[in-house]
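Structural features, examined
The lines below spell out each chain.
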Amino acid sequence: MTSRLNRLAVAMLATALATLGVTVANPSPASAAMTICYNTSQAGNYAGTANQAASIWNNATVNLTLSANCGSNLRIYQITGGGSYAVRTSLGNGRVYIDTQQAAQYSPLRIMTHEIGHILGLPDNYNGNCSLLMSGGSAGTSCTNPYPSSAEANRVSNLFAGTFSATDRSADIFRDSWPGALTPVS
């Protein structure tokens, strides 16, 4: 309960500061949850999906709060063609691209939650297991599970608590976790 109240207080503070034009990037992980401000102004039809995915991550993790349109740590874009992917510039910062063609074949919420997972420090896991969010499209089009496993959620919580270190490269691009467009069988 105290953890939820602390997260709520941090989110309210971030919103208040955003009103004043200040972006909260990273309070000390040991003292409070980090707030990642995500921007859906270019997300088109997927803005609501981004909000759902943020809620999933907020409920699954501690030491982390995703908050809508209070800044631009994370920008979300709707694209057509080329596949959905994420570009992480540093832990909690980057861009997510949701391809409308893939989202017509795979669960848009699973795609969004998965791609945000990359921004939060998780790599792809192409094992085809639908219960693992980071298995991406390898679990097939029938897999609609948008929830991280407890191991995936714990890894993110630990990254944002500073318990684990994330390899911080200048830019990590996560592509190809969603197979290309399916071709109809004639």
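Our subject is the structure that appears above.
End to end, helix H5 (residues 150-161) covers 16 Å across 12 residues, agreeing with the expected 16 Å (1.5 Å per residue, within 8%). Along H5, the residues that are buried comprise Glu152, Ala153, Val156, Ser157, Leu159 and Phe160. Looking down the long axis of H5, one finds its buried residues gathered within 160 degrees of arc, a one-sided arrangement. Projecting away from the buried face of H5 at angles above 90 degrees are the exposed residues Ser150 and Ala151.

For Ser84, the location among the structural elements is in the loop between strand S3 (74-79) and strand S4 (85-90). Of note is the side chain of Ser84, whose polar atom sits 2.9 Å from the backbone nitrogen of Asp99.

Another aspect to go through is the nonpolar core. Counting 32 residues, the largest nonpolar core has Leu66, Leu74, Ile76, Val96, Met112, Ile116 and Leu120 as the members making the most contacts within it. Counting residues per element, the ones that place at least two in this core are strand S1 (34-42), helix H2 (47-60), strand S2 (64-68), S3, strand S5 (93-99), helix H4 (108-119) and H5. Per-element accounting of this core gives the leading share, 6 residues, to H2.

Mapped onto the secondary structure, Ile119 falls in helix H4. In this structure Ile119 comes out as buried when scored by relative accessible area, which is 0%. Along the chain, Ile119 and Thr89 lie 30 residues apart, while their C-alpha atoms are 8.1 Å from each other. If sequence neighbours within four positions are ignored, Ile119 has contacts with Leu74, Ala86, Val87, Arg88, Ser90, Leu91, Gly92, Asn93, Gly94, Arg95 and Val96.

Here we take up the side chain of Arg110. Along the polypeptide, Arg110 turns up in helix H4. With no salt bridge to any partner, buried Arg110 finds its closest opposite charge in Glu152, at an N-O distance of 7.3 Å. Here Asn145 takes part through its backbone oxygen, which lies 2.7 Å from a polar atom of the side chain of Arg110.

Using the criterion set out here, one finds 2 aromatic pairs in the structure. Aromatic side chains Tyr77 and Tyr97 sit 5.1 Å apart centroid to centroid with 15 degrees between the ring planes, which places their arrangement in the stacked category. Of this pair, Tyr77 sits in strand S3 while Tyr97 sits in strand S5, and the two are 20 residues apart along the sequence. Among the residues examined, Tyr97 registers a relative accessible area of 14% and is labelled buried. Three or more aromatic residues joined by ring pairs form one cluster here, namely Tyr77, Tyr85 and Tyr97.

Here is what the cut-offs are and how they apply
- Residues numbered from 1 in each chain as written.
- Predicted model: local features only at pLDDT ≥ 70, side-chain atom pairs only at ≥ 80, totals over all residues.
- Heavy atoms only, no water.
- Helix = DSSP H or I, 4+ residues; strand = E, 2+ residues; numbered from the N terminus.
- Expected span 1.5 Å × (residues − 1).
- Buried < 20%, exposed > 50% of the residue type's maximum accessible area, 1.4 Å probe, protein only.
- Arc of directions from axis to C-beta.
- Polar contact = N/O pair within 3.5 Å; in protein donor to acceptor, adjacent residues only side chain to side chain.
- Core = buried A, V, L, I, M, F, W, Y, C linked by side-chain atoms within 4.5 Å.
- Contact = heavy atoms within 4.5 Å.
- Lys, Arg positive; Asp, Glu negative; His and termini not counted.
- Salt bridge = Lys/Arg side-chain N within 4 Å of Asp/Glu carboxyl O.
- Phe/Tyr/Trp six-rings, centres within 6.5 Å; stacked < 30°, edge-to-face > 60°.

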